[in-house]
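As a plain string of letters, each chain reads:
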Amino acid sequence: MPRRVVVEGTDKVGRRLELLTQEVFAAVRREVKRTALDIQGRARRNLNRASRGKGRRTSDTGRLANSIAIAEEQDGLDARIGTNLIYARAIEFGFPPGYLQRMPPVDAIQGWVRRKLGVKDAKEARSIAFAIARTIKRKGTKAQPFLFPAAEAAKRGFRTRLRRAVREALKRATRSA
């Protein structure tokens, strides 16, 4: 003869599990967002820091720093931090000698020459920019990492904060249900 087992209180267990899941997901989302903002801020500071103690900033116009954006995935459990500017890769990783097939754009360097070197004459600025572009093509550029070090620095605190946030979310969920 088959026996029948009746379990009571499954709806209460289901509600507790749902609350537990919601609390943990919310805690993880908060920490992901907090860490993404931390990485963004660190990367921007890295770009604006004085380079090599010579009083010069890595950044010229601030355009690269301002372009660093955060893209959250739909569930909020993942975030990407980066920029859409073409030259960001050249700054982050540099270029080895002979890597570039063509010279970098002289027009962009000409603007830099006028701003940084204070050259007023357009013809002279273009001439200097051309020489710089040719040197970059031949000798490459030194890496000036800004994003990777920011992510590495933020990663250390993220793990600790995430564990703490999940632990606290579990405590809240078990108390309130």
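Data block above holds the structure.
Residues numbered from 1 in each chain as written. Predicted model: local features only at pLDDT ≥ 70, side-chain atom pairs only at ≥ 80, totals over all residues. Heavy atoms only, no water.

## Describing the overall build of the protein chain
Along the protein chain, the regular secondary structure elements total 6 helices and 4 strands. In the protein chain, the succession of helices and strands from N to C terminus is α-β-β-α-β-β-α-α-α-α. A compact globule built from 177 residues would reach a C-alpha radius of gyration of about 16 Å, whereas the protein chain, at 26 Å, exceeds it by more than 25%. The buried share of the protein chain, taken over its 177 residues, is 26%. A sequence separation of at least 24 residues applies to 66% of the contacts in the protein chain between residues at least 6 apart. (Helix = DSSP H or I, 4+ residues; strand = E, 2+ residues; numbered from the N terminus. Rg over C-alpha atoms; globule rule 2.2 N^0.38 Å. Buried < 20%, exposed > 50% of the residue type's maximum accessible area, 1.4 Å probe, protein only. Contact = heavy atoms within 4.5 Å.)

## Some thoughts on the nonpolar core
Core analysis: the biggest nonpolar cluster contains 12 residues, these being Ile 39, Ala 43, Leu 47, Leu 64, Ala 65, Ile 68, Leu 85, Ala 88, Ile 91, Phe 146, Ala 150 and Ala 154. Mapped onto this core, the elements with two or more residues apiece are α1 (10-48), α2 (63-67), α3 (88-93) and α6 (147-176). Per element, the largest residue contribution to this core is 3 residues, and it comes from α1. Dropping the residues within four chain positions of it, Leu 85 is found in contact with Arg 63, Leu 64 and Ser 67. Within the second largest apolar cluster, 7 residues are counted, among which are Val 106, Val 113, Val 119 and Ala 133. (Core = buried A, V, L, I, M, F, W, Y, C linked by side-chain atoms within 4.5 Å.)

## Details of α1
Compared with the 57 Å implied by 1.5 Å per residue over 39 residues, the 57 Å span of α1 between its first and last C-alpha is a close match. Of all the residues in α1, the buried ones are Ala 27, Val 28, Glu 31, Val 32, Thr 35, Ala 36, Ile 39, Gln 40, Gly 41, Ala 43 and Leu 47. (Expected span 1.5 Å × (residues − 1).)

## Focus on the pattern of salt bridges
Under the criterion given, the structure shown has 7 salt bridges. With a shortest N-O distance of 3.8 Å, Glu 31 and Arg 34 are connected by a salt bridge. Here the residue Glu 31 and the residue Arg 34 both occupy positions in helix α1, the gap between them amounting to 3 residues, near one helical turn. The shortest N-O distance in the salt bridge between Glu 73 and Arg 80 comes to 2.9 Å. Relative accessible area serves as the criterion here: at 29%, Glu 73 is assigned to the partly exposed category. Each member of the salt-bridge network shares a partner with another, and the members are Glu 31, Arg 34 and Arg 161. (Salt bridge = Lys/Arg side-chain N within 4 Å of Asp/Glu carboxyl O.)

## Concerning the pairing of strand β4 (residues 79-82)
Note that strand β3 (residues 69-72) and β4 share 4 bridges and pair antiparallel. Its bridge partner being in β4, Ala 71 is matched across the sheet by Arg 80. In this antiparallel pair of consecutive strands, β3 and β4, the connection spans 6 residues, and Gly 76 shows a positive phi of 80°. (Pairing = 2+ DSSP bridges.)

## Some words on helix α4 (residues 106-117)
Listed in full, the buried residues belonging to α4 are Val 106, Ile 109, Gln 110 and Val 113. The buried residues of α4 occupy one face: seen down the axis, they fall within an arc of 110°. Those residues of α4 that are buried lie in contact with α5 (122-139). A positive phi of about 70° marks Gly 118, the residue just after α4. (Arc of directions from axis to C-beta.)

## Here we look at a positive patch on the surface
On the surface, Arg 159, Arg 163, Arg 164, Arg 167, Lys 171 and Arg 175 cluster together into a positively charged patch. Considering the arrangement of structural elements, one finds Lys 171 in helix α6. (Patch = residues over 30% accessible without salt bridge, like charges linked within 9 Å, V, L, I, M, F, W, Y side chains within 5 Å. Areas by Shrake-Rupley, 256 points an atom, 1.4 Å probe, with all protein chains shown as cover. Lys, Arg positive; Asp, Glu negative; His and termini not counted. Charge placed at Lys NZ, Arg CZ, Asp CG, Glu CD.)

So, to be careful, I would describe these as geometric facts and stop short of saying anything about function.
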